[in-house]
Amino acid sequence: MIRRPPRSTLSSSSAASDVYKRQVREPVTVGWWDHIGRKWSTLGVESSSFNPQTREVSCETVVFSPISLVQSKSLDIPYRSWFLTPTGLNRAMLSIEMKTHTIRVELTEHVATLLQPDLPELKAIFNKPMPPTSLAAALARSGFTINPVDADIEHVETLVAKEPLVEQQLHEDMSMLIQGYTFRGSVWNQAAGRNKCIVQAAEKPDYEIDPMTETYKGLLHMWENEAVKIGILQCDETAAIYKEKFETTHLRMENVLQPTMPDQSAANIRESSLPFQECVRHMLDATRLFSFC
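Small disclaimer: the values here were computed from a predicted structure and weren't measured.

### Details of the sheet that holds strand β13 (residues 196-203)
Ordered by their spatial adjacency, 9 strands build an open sheet running β11-β10-β9-β8-β12-β13-β14-β15-β16, and the pairing between neighbours is antiparallel. Strands at the two margins of the open sheet, each flanked by one partner only, are β11 (112-116) and β16 (249-250). Bridge count for strand β10 (residues 102-107) against β11 is 4 bridges, and the pairing is antiparallel. The residue bridging E106 from the neighbouring strand is T113, located in β11. Packed onto the sheet, helix α1 (residues 132-141) meets β10 and β11 and runs at close to 40° relative to β11.

### Remarks on the pattern of salt bridges
In total, this model carries 11 salt bridges according to the counting rule given. The partner of R288 in a salt bridge is E167, and the shortest N-O contact between them spans 3.2 Å. With R288 in the loop between α5 (274-287) and α6 (289-292) and E167 in helix α2 (residues 164-177), the pair connects residues that are 121 residues apart, well separated along the chain. The pair R288 / E167 is uniform in exposure class, with both members buried. What you see here is one network of salt bridges that share partners, running through D150, E167 and R288.

### Brief notes about the confidence of the model for the protein
The share of residues in the protein with pLDDT of 70 or more is 90%, and the mean pLDDT across the chain is 86. Ignoring residues within four places in sequence, the model shows residues 1-21, a span with pLDDT below 50, making 70 contacts including any to other chains.

### Observations regarding α5
With 14 residues, α5 extends 20 Å from end C-alpha to end C-alpha; this agrees with the ideal 20 Å at 1.5 Å per step. Looking only at α5, the buried set comprises F276, Q277, C279, V280, R281, M283, L284, A286 and T287. Directly beyond the C-terminal end of α5, a positive phi value near 50° is found at R288.

Here is what the cut-offs are and how they apply
- Residues numbered from 1 in each chain as written.
- Predicted model: local features only at pLDDT ≥ 70, side-chain atom pairs only at ≥ 80, totals over all residues.
- Heavy atoms only, no water.
- Pairing = 2+ DSSP bridges.
- Helix = DSSP H or I, 4+ residues; strand = E, 2+ residues; numbered from the N terminus.
- Contact = heavy atoms within 4.5 Å.
- Axes fitted to C-alpha atoms, helices over the stretch in contact; angles between N-to-C directions.
- Salt bridge = Lys/Arg side-chain N within 4 Å of Asp/Glu carboxyl O.
- Buried < 20%, exposed > 50% of the residue type's maximum accessible area, 1.4 Å probe, protein only.
- pLDDT = per-residue confidence, 0-100.
- Expected span 1.5 Å × (residues − 1).

As structure tokens, this is what we get:
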């Protein structure tokens, strides 16, 4: 159980909290802060309910202590799918499909802007440019598991947290190439294990035309012999089982894609700015798509 509560009122028999900045999942669970156990407890809390019209959560309790809506941080993970695509010069869109909502964030130089979902609890940050790490943290405070840490995997048996060196190097490679490529998740990413990440990449020389499905390549990013290496994975997304096969490996993704990179994609990549690339990298570092999807 997690997170501190919004401002609330409490009497000896009941409690009510106006919830404007938190995503509310039904049925609601209300807990009180056990300062001895250093955790949220639901003992002695009954009749919890949520009124969507007034956005008021109410409950009955005899406990005099700070109260909060409580929920597992693993509620939104694993992510169902994601994609990252360029939409213009120094502009990209990150979309993350979660269990209850789809998060869409526009990334530009220095800042990220939340474009979806438009919910009352996100009013303070919706359509407002801010640093990518600040946006991820604000979404987490609003009840979305969008800024996860390894400990959030504890109750999700299907997830494997990736080796930080591999994950972060992949984020850097993607941010350098996003101006000319679309990236999306692979069905084999988790099957590859802790020391390897798999991403699907497709050339996107024209910002107005989305890549066709058959143009995506599976890229295997791995930690091997004390170094990060990357190669093209020869295992189709529709295969019955995961078979790891690849040929030549390189130290950087650019070297893997260079032989088939369209001239326009290469030109677009050369035009992208460092502040834009850093914004993309910081957003990927915050969301950790390869560990949590």
